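Secondary and tertiary structure notes
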Amino acid sequence: MLNPIVICPDCHAQEKLDSVLTAQSNQNVIYRCKKCGCEIRDIQTSKG
Ligand SMILES: [Zn+2]
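Model, not experiment: these values are computed from the prediction.

**Quick notes on the environment of Cys 33**
- By secondary structure assignment, the location of Cys 33 is in the loop between strand S4 (29–32) and strand S5 (39–40).
- As for Cys 33 and Cys 11, which are separated by 22 residues in sequence, their C-alpha atoms are 8.6 Å apart.
- Filtering out sequence-adjacent residues up to four positions away, Cys 33 remains in contact with Cys 8, Asp 10, Cys 11, Ala 13, Val 20 and Cys 38.

So this is what it looks like as structure tokens:
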């Protein structure tokens, strides 16, 4: 499985996608940085 790296736009911490993204039932995805705790909604994934 692909497990790309995402970079927090706030603190620039690099985390594996699986560990920082939470999939919602409505197919939205929430990014939550473990380092600074920021949350970003409606992440657009690169999945085809
Ligand atoms: Zn961060």
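**Remarks on the pairing of S4**
- Of the strand pairs in this sheet, strand S3 (residues 21–23) and S4 are connected by three bridges, and their pairing is antiparallel. Counterpart to Leu 21 in the pairing with S4 is Tyr 31.
- Where S3 folds back on S4, the antiparallel hairpin that results is connected by five residues, among which Gln 27 adopts a positive phi of roughly 70°.
- Bridge count between S4 and S5: two bridges; the pairing is antiparallel. Paired with Arg 32 across the two strands is Glu 39, which belongs to S5.

**Re the sheet that holds S4**
- Here three strands make up an open sheet; going across it, the order is S3-S4-S5 and the pairing antiparallel. Unpaired on one side and paired on the other, S3 and S5 mark the two borders of the sheet.

Parameters at a glance
- Residues numbered from 1 in each chain as written.
- Predicted model: local features only at pLDDT ≥ 70, side-chain atom pairs only at ≥ 80, totals over all residues.
- Helix = DSSP H or I, 4+ residues; strand = E, 2+ residues; numbered from the N terminus.
- Contact = placed C-beta atoms within 7 Å.
- Pairing = 2+ DSSP bridges.

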